[in-house]
Amino acid sequence: GFAGFIGCVTGMNDKQVAVGEMGMTGYASQWDGIPMAFMLRQLLEECDTLEQALNLVKRSSRTCEYAYVISDGKSSSAMAVRAQPDLLELVAPGQSHPLLPTPVPDCVLLSSDERYKLLVERVKKSFGQIDLPTTVEIIKSVAMRSNLHSAIMLPKDSVMYLANAVARDQEQFQACYQPYYRYDLKKYLAVLDDLAQKHDP
């Protein structure tokens, strides 16, 4: 999230469930629903498994069009989701979709147009050897110009690496070109538990 922002666009919870999103081209006339940022916050607050997260997205009154990748570190499982107010499509690892026509085994890869082709190419090239530095380079090659933040999540370890964009007066201002900072969720949960015990909320 961001200062003053009460929703969520990327995240991971203490149950090893992680979610990221990508905006798509479809804008809906149906605005009587839950905004994406609130739905994702609810997902991270309430869901313990991938199945629970998918059920929450299915039963939500959605607005606009977004694509999500939702994963569960406990079961090493993930799913891509294309969500519109009246449409929900799920794409499993290694599964083809008209918008994602060249799947990679055991992977959920989400992007669009030429960036999708490049993403598939880079993943295939490094398949079986993808580590943190490789992931950082792959993200640089497929990020949009509007790349506000980039997150590399390791939900099984409760660790996230996060980079944020800087001022647009720099040539490479997008998040993918900035330093990544490591966040260990277990460390922050311990701090929160300690505060809860001290203040008995």
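Just so you know, these numbers come straight off a predicted model, no measurement behind them. (Residues numbered from 1 in each chain as written. Predicted model: local features only at pLDDT ≥ 70, side-chain atom pairs only at ≥ 80, totals over all residues. Heavy atoms only, no water.)

## Quick look at the sheet that holds strand β6 (residues 149–154)
- Read from one edge to the other, the open sheet built from 3 strands follows the order β6-β7-β8, with strand pairing classed as antiparallel. Each having just a single partner strand, β6 and β8 (181–184) make up the two edges of the open sheet. Put simply, the sheet's adjacent strands are angled 20 degrees from each other on average, direction ignored.
- Alignment of strand β7 (residues 159–164) against β8, held across 4 bridges, turns out to be antiparallel. Residue pairing for β8: leucine 162 is matched across the bridge by tyrosine 181. (Pairing = 2+ DSSP bridges. Helix = DSSP H or I, 4+ residues; strand = E, 2+ residues; numbered from the N terminus. Axes fitted to C-alpha atoms, helices over the stretch in contact; angles between N-to-C directions.)

## Comments concerning a nonpolar patch on the surface
- Together, Phe2, Phe5 and Leu148 line one region of the surface with nonpolar side chains, adding up to about 260 Å² of accessible area.
- You can see phenylalanine 2 is positioned in the segment before β1 (10–12).
- On the basis of relative accessible area, phenylalanine 2 is assigned to the partly exposed category, the value being 35%. (Patch = residues over 30% accessible without salt bridge, like charges linked within 9 Å, V, L, I, M, F, W, Y side chains within 5 Å. Areas by Shrake-Rupley, 256 points an atom, 1.4 Å probe, with all protein chains shown as cover. Salt bridge = Lys/Arg side-chain N within 4 Å of Asp/Glu carboxyl O. Buried < 20%, exposed > 50% of the residue type's maximum accessible area, 1.4 Å probe, protein only.)

## So, helix α3 (residues 113–126)
- When the terminal C-alpha atoms of α3 are compared, their 21 Å separation across 14 residues agrees well with the 20 Å that a helix rising 1.5 Å per residue should span.
- Regarding α3, the residues found buried are Tyr116, Leu119, Val120, Val123 and Ser126. Taken end-on, α3 shows its buried residues confined to a sector of 145 degrees, consistent with a single buried face. What points out from α3, more than 90 degrees from its buried face, is the exposed set Glu114, Lys117, Glu121 and Lys125.
- Where α3 is buried, its residues meet α4 (132–142).
- Glycine 128 sits one or two positions beyond α3 and adopts a positive phi of about 85 degrees. (Expected span 1.5 Å × (residues − 1). Arc of directions from axis to C-beta. Contact = heavy atoms within 4.5 Å.)

## Here we look at the nonpolar core
- By size, the foremost hydrophobic cluster in this structure holds 22 residues, and its most contacted members are Leu40, Leu43, Tyr68, Ile70 and Val81.
- Those elements giving two or more residues to this core turn out to be β2 (17–23), α1 (36–46), α2 (50–59), β3 (66–72) and β4 (77–84).
- Those residues in contact with leucine 43 that lie beyond four places of it in its chain are Asn13, Val17, Val19, Ala53, Leu56, Val57 and Ile70.
- Within the second largest apolar cluster, 14 residues are counted, among which are Ala80, Val91, Leu109 and Val142. (Core = buried A, V, L, I, M, F, W, Y, C linked by side-chain atoms within 4.5 Å.)

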